[in-house]
Every structure is written in structure tokens, then in C-alpha cells.
Amino acid sequence: FRKVFEKFKLPDTEAQNIIQQENGKADIFYSDDEKSVNGNIESSDEENDNQKNDNLKPLSKRQRRIKNKIPLAVLKSQTKRPEVVEWNDVDATDPKLLIYLKSLKNIIPVPSHWSSKREYLSSKRGMERPPFNLPDFIQNTGIAEMRDTTNISEENLKKISRERVQPKLNKLDLDYKLLYDAFFNRQTKPKLLGYGDVYYEGRELLANDELLNKIDSFRPGKISKTLSNALGIPYGAPPPWIIMMSQIGLPPSYPYLKVPGFNVP
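Treat the numbers as computed from the prediction; the structure is a model and nothing was measured.

The next point concerns the overall build of the chain. If you tally the helices and strands in the chain, you get 13 helices and 0 strands. Along the chain, from the amino end to the carboxyl end, the secondary structure elements read α-α-α-α-α-α-α-α-α-α-α-α-α. Classification of the 265 residues of the chain by burial places 9% in the buried group. Taking the contacts inside the chain whose residues are at least 6 apart along the sequence as the reference set, 36% of them involve residues at least 24 apart. Counting every atom, the chain has about 24,500 Å² of accessible surface; 55% of that belongs to carbon and sulfur.

This is how it looks when you write it as C-alpha cells:
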């Protein structure tokens, strides 16, 4: 059987390689293609090992927040009012709850200066304060002219200083009825901001702005003459949306609105 055994006999080089592999000292020689394939396999194995080690490490709070952050486009697509979503809402602890609260009815927004790095009202430091003026209903009593000491001569000044030591009773010639009417009948309240109207820096400079005064005079359901002329509604005629309100109902924002011709005669 010598010829048969010679067919299954390995060459000398291959036999030496097998012996070296069995002894653990094998030198494997690859071609260029085999080197590139085996190199990629080894590098991918190293990357997988590194990823496993990274996954085993505990994430910090910042890394966990970045990993679980909802994109801005996804947050806008998940709400019915995407206009209330701002770019900094994605960093909130619970962005979905925040957007739900911001999209509720009659919600007052948080002022925009909460995220500014400079101090609030720091722009007013260099501004000069105007002198205090009495309200109009007190100035109309004429008390400011009676107490005015700017145009007093020296003789009158000495007289006034003597009267401070020995005052004369009933010296103030002022009608107390006029003073009473000024405080209790003619007193005007200061102009305050309405519900949901937020103050911002420099707003007092726009207090006399025509647009703000016009907005304050607007009331839902009341049509001005200019608007009725622009819409072509004749004087005394009901507006065209009264018919639509009789079919659908009042607007949801004004459930107790009194509309002439619909729920009020």
C-alpha cells in the first residue's frame, strides 16, 4: 500500500506548519487579499470590544440627557400647536409635559428674560429718572401752586419761617370739598397691564404708542365704523357671521360673549 499512502502524504513545508501550529508557534503567511480581510476582521473585533466596554461604563447625567433628547422637529410634530415650541424646550426634564402646559388655554407665558445672561432691568442703570409729578386729579385742585416755594421773596421767606414756629390756624386756603371730590369722586386709576400681558424692558417708553391704545380699545363682538364700511355692512345691519353662530354656536374662546342679534336683543 505504499503508493496509496504516498497520495495522502503532505509536502515537507506543510507538515512543518502543522507541527508548529500544534506547538503554538505557528507563523501564518497571508496573501495581500487575505491580509486586508483579516486586518478588517481584527479591527472590527477591537471596535466591538471597545463598544462593549463603553456600554458597560455608567453614563453621566449630561450624556444620558443628550442620548434621550427629543429632536425639535419631532417635538413640533407631536403637538397641536407647534408655534409654542421653542428651541430650548428640548432640554427640559419632561419636554412633552412642558409643551402640553404651554399649549393649554389662557396660559400666561414665562417672560423671555429668564434665559438672558445679563441681569433683569440692567439697561435702566444709565437712565435718568424723571421727577415725580402729582396725578392729574390732585393737580386740578390747585394745591401744587399754593405749596410752590420757588418764587418767594426773602421777606415772605422770613415770614414763613416765623409761621413755622408759631403757626396760624386755618391758614391753608383750600376748599376741602374740592379736595374730597378729587380723591373720592374724580380719582382715576393708573393704567395697568391686562391679563396675560407681560411687561418687558422699555415698555413704559411705548405707553403712549397709538397701536397699544388702539388694542386696549378693542372688544370682541363690537365692530367699529371703519371695519363695517370696509366689510360693506350697512348701518344697523347684523354682521354676516351671526348666521354661522346660530348654526355652530359661540366661539370657544368667548363662551359667555353677548352678541347682539344672536343671544342678546
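Attention now moves to a nonpolar patch on the surface. Judged by side-chain polarity, I223, L227, L231, W241, M244 and I248 come together as a nonpolar surface patch covering roughly 570 Å² of accessible area. Elements with a minimum of two residues in the nonpolar patch: α12 (225-231) and α13 (241-248). Note on placement: I223 falls in the loop between α11 (210-217) and α12.

By secondary structure assignment, the location of P111 is in the loop between α6 (95-102) and α7 (136-139). Take P111: its relative accessible area is 29%, and that puts it in the partly exposed class. On a C-alpha basis, the gap between P111 and V198 in space is 6.9 Å, while along the polypeptide they are 87 residues apart.

The next thing to look at is the nonpolar core. Counting 6 residues, the largest nonpolar core is built from I70, L75, V84, V85, V90 and I99. Excluding residues within four positions of it along the chain, L75 makes contact with I70, V85, D89, V90, P95, K96 and I99.

This part takes up the side chain of D89. Here D89 shows up in the loop between α5 (72-77) and α6. With relative accessibility at 5%, the residue D89 sits in the buried group. Only 2.8 Å separates the side chain of D89 from the backbone nitrogen of E86, close enough to count as a polar contact. Here K102 takes part through its side chain, which lies 2.9 Å from a polar atom of the side chain of D89. Once residues within four sequence positions are removed from consideration, D89 is found in contact with L75, V84, P95, L98, I99 and K102.

Its place among the elements puts F183 in helix α10 (residues 176-184). Expressed as a C-alpha distance, the spacing of F183 and F137, which sit 46 residues apart in the sequence, is 7.5 Å. Sequence-distant contacts of F183, that is, excluding residues within four places in its chain, are made with F137 and I138.

Moving on to the pattern of salt bridges. Considering all chains together, one arrives at 4 salt bridges under this definition. K69 is the salt-bridge partner of D91, the closest N and O atoms lying 3.1 Å from each other. In this pair, D91 sits in the loop between α5 and α6 while K69 sits in the loop between α4 (61-67) and α5, placing the two residues 22 residues apart along the sequence. D91 gets classed as partly exposed once you look at its relative accessible area, which sits at 38%. On the accessibility criterion, K69 (38% relative accessible area) is partly exposed. A salt bridge links K177 to D181, with the shortest nitrogen-to-oxygen separation between them at 3.2 Å.

Turning to the side chain of T79, a few remarks are in order. Along the polypeptide, T79 turns up in the loop between α5 and α6. A distance of 3.3 Å separates a polar atom in the side chain of T79 from the backbone nitrogen of R81. Apart from residues lying up to four places away in sequence, T79 is in contact with V85 and I99.

Reading guide: rules and limits
Counting from 1, residues in each chain are numbered in the order their sequence is written. Per-residue local features of the predicted model are confined to residues with pLDDT of at least 70, and side-chain atom pairs are confined, for both listing and counting, to 80 or more; whole-chain, interface and lining totals are unaffected and use all residues. With hydrogens and water excluded, all non-hydrogen atoms of the structure serve as input to the side-chain values. Helix numbering and strand numbering both begin at the N terminus, where a helix is a DSSP run of H or I of at least 4 residues and a strand a DSSP run of E of at least 2. Here the term buried applies to any residue with accessible area under 20% of the maximum for its type, exposed to any over 50%, and partly exposed to those in between, with areas from a 1.4 Å probe on protein chains only. In what follows, residue pairs with any heavy atoms lying within 4.5 Å of each other are defined as contacts. What sets the accessible areas is the Shrake-Rupley method with a 1.4 Å probe; for residues, cover comes only from the shown protein chains. Think of a patch as exposed residues, more than 30% relative accessible area, with no salt bridge, where like charges cluster within 9 Å and nonpolar side chains (Val, Leu, Ile, Met, Phe, Trp, Tyr) cluster within 5 Å. Whenever a carboxyl oxygen of Asp or Glu lies within 4 Å of a side-chain nitrogen of Lys or Arg, that contact is scored as a salt bridge. Think of a nonpolar core as a cluster: buried Ala, Val, Leu, Ile, Met, Phe, Trp, Tyr and Cys residues, connected wherever their side-chain atoms sit within 4.5 Å. Contacts described as polar in this section are N or O atom pairs within 3.5 Å, which, within protein, must combine one atom able to donate a hydrogen with one able to accept it, while residues neighboring in sequence count only if both atoms come from side chains.

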